Amino acid sequence: MSNNADATQMRKLVPRGLYARAALILFLPVVVVTTVVSVMFLQRHFEGVTRQMTASMSHELTFVARLIDSAATPDAARRAGVSVARPLELELALPVDPPAEDRRLFYDFSGRVVTEVLRDALPQVISVDLASSDRRVSVALDGPHGPYALSFERRRVSASNPHQLLVLMVFTSLLMTGIAMIFLRNQLRPIRRLAYAAEEYGKGRIVPYRPSGAVELRSAGTAFLDMRNRLERQNDQRKLMMSGISHDLRTPLTRMKLGLSMIGPDMPPEPGDISAMEADIAEMNRMVDGFLDYARDDAQDSAPQPIAAAGFLEGLVADAQRAGQQASLVQFEGDRDGLATFRPDMLRRALENLIGNAVRYGSRAEMDASLGPRSLRIGIEDDGPGIPEDSLDAAMRPFTRLDPSRRRNSAQGAGLGLAIAADVARAHGGQLRLGRGPRLGGLRAEIVIPR
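Residues numbered from 1 in each chain as written. Predicted model: local features only at pLDDT ≥ 70, side-chain atom pairs only at ≥ 80, totals over all residues. Heavy atoms only, no water.

Visitor: How should I be thinking about the overall build of the protein in this particular structure?
Guide: Scanning the protein from terminus to terminus reveals 11 helices and 11 strands. Looking at the protein as a whole, 37% of its 451 residues are labelled buried. Residue pairs at least 24 apart in sequence account for 65% of intrachain contacts in the protein once pairs closer than 6 positions are excluded. (Helix = DSSP H or I, 4+ residues; strand = E, 2+ residues; numbered from the N terminus. Buried < 20%, exposed > 50% of the residue type's maximum accessible area, 1.4 Å probe, protein only. Contact = heavy atoms within 4.5 Å.)

Laid out in structure tokens, this is it:
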């Protein structure tokens, strides 16, 4: 319980926004490293230099103190001290009323070292005054002729005041922090734009969005656009499918309605009329079954799984041959034991539709495949009449029949084969391409999906 409470408390302390978290991740290590380096530099450099300079200065003070202490009278002591202190750039005050204790400013970090070294070198030190003037040091000593003071410039015992370095560090850190915050805000702006576009799309609104920012953000933005475009195409396909089936069902329903209106107690149905109604019912069953199969593809529960592509395609062709279809696998490029990740049920249905279309409009279907390092390509050709170049896009729309001679009662499909194959390819992150077959001269349908 205690660990859970600690973890909960830590989560409360961490900022919730990405901007604040990124700033924390960026600046916290910098502050810690700067603080550690500053402390080490102050301790090693300033304290070491100050200690050496103060020790050298203590020798001069000791020499002057000996002369003053050896003099017979106060006047002689003053004259002897001044004669030596003046060349050494020292000021002598005798007698003085010294402070009772050492004094230094709160930010004077090197003053502690100066006081410590002077007291160790001169036992007769009464106090060290570093606060009266930040430019001078006044050392009060006890002598046989009374207390006296020797003062000198501060620069003779310390290189410079450490607070100057700290002020410079703080100012530079604040400046660089401001610059870093500006750059960080510019880097996070594409994330906000992506989140706004995704949120608006979740509400049913499409807002303009262009990927920008770092490479990773551009990749995420491109993936979002691909996903949005794929969903929009699927929605358009569903709308077109609904409008198509409603239009296609209206024709047989109208014929059945007219046929029923002509049947009465005094007018028994003709055998031909009954056969026509049965044909209409069979046609409607085919369209409804095609609609259900088309809509069922998105509800497949099978997850993508790694499968040997060559074995999968050979089994598919063998099933088509057992069903009486003239199908064959003429070529497979790549490792025959190589694996590709896809949904086997969905891909099988798409390829079965393509083979069915090929043998329906031609005499045979030939399949070729290539398993590359990044993608799996599957092509199916037939020797039929093919599809004109200007009708390739229309051929992949649901309930579209390009052959005007195909009649509803010809027991043909519902115009969903290519639409299903295109949806399956898009669901796998790939695409369906149509064109003229180089071997047989008919239609070539090619599915390319990521491996």
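Visitor: What am I meant to see in the sheet that holds strand β6 (residues 327-333) here?
Guide: Where strands meet in a sheet, backbone hydrogen bonds hold them as pairs that are either parallel or antiparallel. An order of β6-β8-β9-β11-β10 is seen for the 5 strands of this open sheet, with the pairing classed as mixed. Strands at the two margins of the open sheet, each flanked by one partner only, are β6 and β10 (431-436). On average, adjacent strands in this sheet sit at an angle of 20 degrees to one another, irrespective of strand direction. As defined by bridge partners, β10 adjoins strand β11 (residues 443-450) across 6 bridges and the pair is classed as antiparallel. Note on β11: the bridge partner recorded for L434 is A445. The strands that helix α8 (residues 309-322) touches are β6, β8 (365-371) and β9 (375-382); relative to β6, the one it contacts most, it runs at about 165 degrees. In this fold helix α9 (residues 344-361) packs onto β6, β8, β9, β10 and β11, with an angle of close to 20 degrees to the strand it touches most, β9. (Pairing = 2+ DSSP bridges. Axes fitted to C-alpha atoms, helices over the stretch in contact; angles between N-to-C directions.)

Visitor: Would you take a moment to explain a nonpolar patch on the surface for this structure?
Guide: On the surface, L24, L28, V32, V36 and M40 cluster together into a nonpolar patch covering about 420 Å² of accessible area. The topology assignment puts L28 in helix α2 (residues 18-70). On the accessibility criterion, L28 (48% relative accessible area) is partly exposed. (Patch = residues over 30% accessible without salt bridge, like charges linked within 9 Å, V, L, I, M, F, W, Y side chains within 5 Å. Areas by Shrake-Rupley, 256 points an atom, 1.4 Å probe, with all protein chains shown as cover. Salt bridge = Lys/Arg side-chain N within 4 Å of Asp/Glu carboxyl O.)

Visitor: Is there a simple way to think about α9 in this case?
Guide: The periodicity of an α-helix, 3.6 residues per turn, causes residues three or four places apart in sequence to face the same way. Spanning 18 residues, α9 covers 26 Å between terminal C-alpha atoms, matching the ideal 26 Å at 1.5 Å per step. Taken together, the buried positions of α9 are P344, M346, L347, R349, A350, L351, N353, L354, I355, G356, N357 and A358. (Expected span 1.5 Å × (residues − 1).)

Visitor: For this particular structure, what's the right way to read the sheet that holds strand β2 (residues 125-129)?
Guide: Pairing in this open sheet of 4 strands is antiparallel, and the strands run β1-β4-β3-β2 from one edge to the other. Since the sheet does not close on itself, it has two edges, and those belong to β1 (91-93) and β2, each with one partner. When the angles between neighbouring strand axes are averaged without regard to direction, this sheet yields 20 degrees. Direction of pairing for strand β3 (residues 136-143) relative to strand β4 (residues 146-153): antiparallel, over a ladder of 8 bridges. Looking across to β4, one finds that V137 is bridged to F152.

Visitor: Explain the packing of α8 against α9 to me, please; I cannot follow it from the model alone.
Guide: Each pair of packed helices can be described by the angle between their axes along with the distance between the axes. Packing of α8 against α9 brings their axes to within 11 Å, and their N-to-C directions diverge by 45 degrees. Judged on the interaxial angle alone, α9 and α8 are oblique. α9 is crossed by α8, and the crossing has right-handed handedness. Two secondary-structure elements touch here, α8 through F312, L313, L316, D319 and A320 and α9 through P344, L347, R348, L351, E352 and I355. (Parallel < 35°, antiparallel > 145°, perpendicular 65-115°, else oblique. Left-handed = near helix turned anticlockwise from the far one by under 90°.)

Visitor: For this particular structure, what's the right way to read the packing of aromatic side chains?
Guide: Remark: the centre distance and the inter-plane angle together describe each pair of aromatic rings, the angle taken between the planes. Within this structure, the stated rule accounts for 2 aromatic pairs. Where Y209 meets F224, the ring centres are 6.0 Å apart and the plane angle is 85 degrees; that geometry is what we call edge-to-face. Placement of the pair is Y209 in the loop between α5 (162-202) and α6 (215-261) and F224 in helix α6, with a sequence separation of 15 residues. Looking at F224, the relative accessible area reads 8%, which means it is buried. (Phe/Tyr/Trp six-rings, centres within 6.5 Å; stacked < 30°, edge-to-face > 60°.)

Visitor: Would you mind going over the confidence of the model for the protein with me for this structure?
Guide: Fine structural detail should not be taken from predicted coordinates in areas where pLDDT scores are low. The predicted model of the protein averages 80 in pLDDT, with 79% of residues at 70 or higher. Within the protein, β2 carries the highest mean pLDDT (93), whereas helix α1 (residues 2-13) carries the lowest (58). Counting contacts from residues 404-413, a segment whose pLDDT is below 50, to residues more than four positions away or on other chains yields 14 contacts. (pLDDT = per-residue confidence, 0-100.)

Visitor: I would appreciate a short explanation of unusual backbone geometry in the present structure.
Guide: With the exception of glycine, most residues fall at negative phi, and the peptide bonds are largely trans. Cis geometry marks the peptide bond from L94 to P95, where omega comes out at 0 degrees. Positive phi, normally seen in glycine, also occurs at E89, with a value near 60 degrees. Along the chain, E89 turns up in the loop between α3 (74-85) and β1.

Visitor: Even after reading the chapter, I still don't get the packing of α9 against helix α11 (residues 417-427), so can you show me in this structure?
Guide: At their nearest, the axes of α9 and α11 sit 9 Å apart, and the two run at 150 degrees to each other. In this structure, α9 meets α11 at a crossing whose hand is left-handed. Two secondary-structure elements touch here, α9 through M346, L347, R349, A350, N353, L354 and N357 and α11 through G417, L418, I420, A421, V424 and A427. Here the residues of the contact of α9 with α11 sort into 9 nonpolar, 3 polar and 1 charged. (Nonpolar A, V, L, I, M, F, W, Y, C, P; charged D, E, K, R; others polar.)

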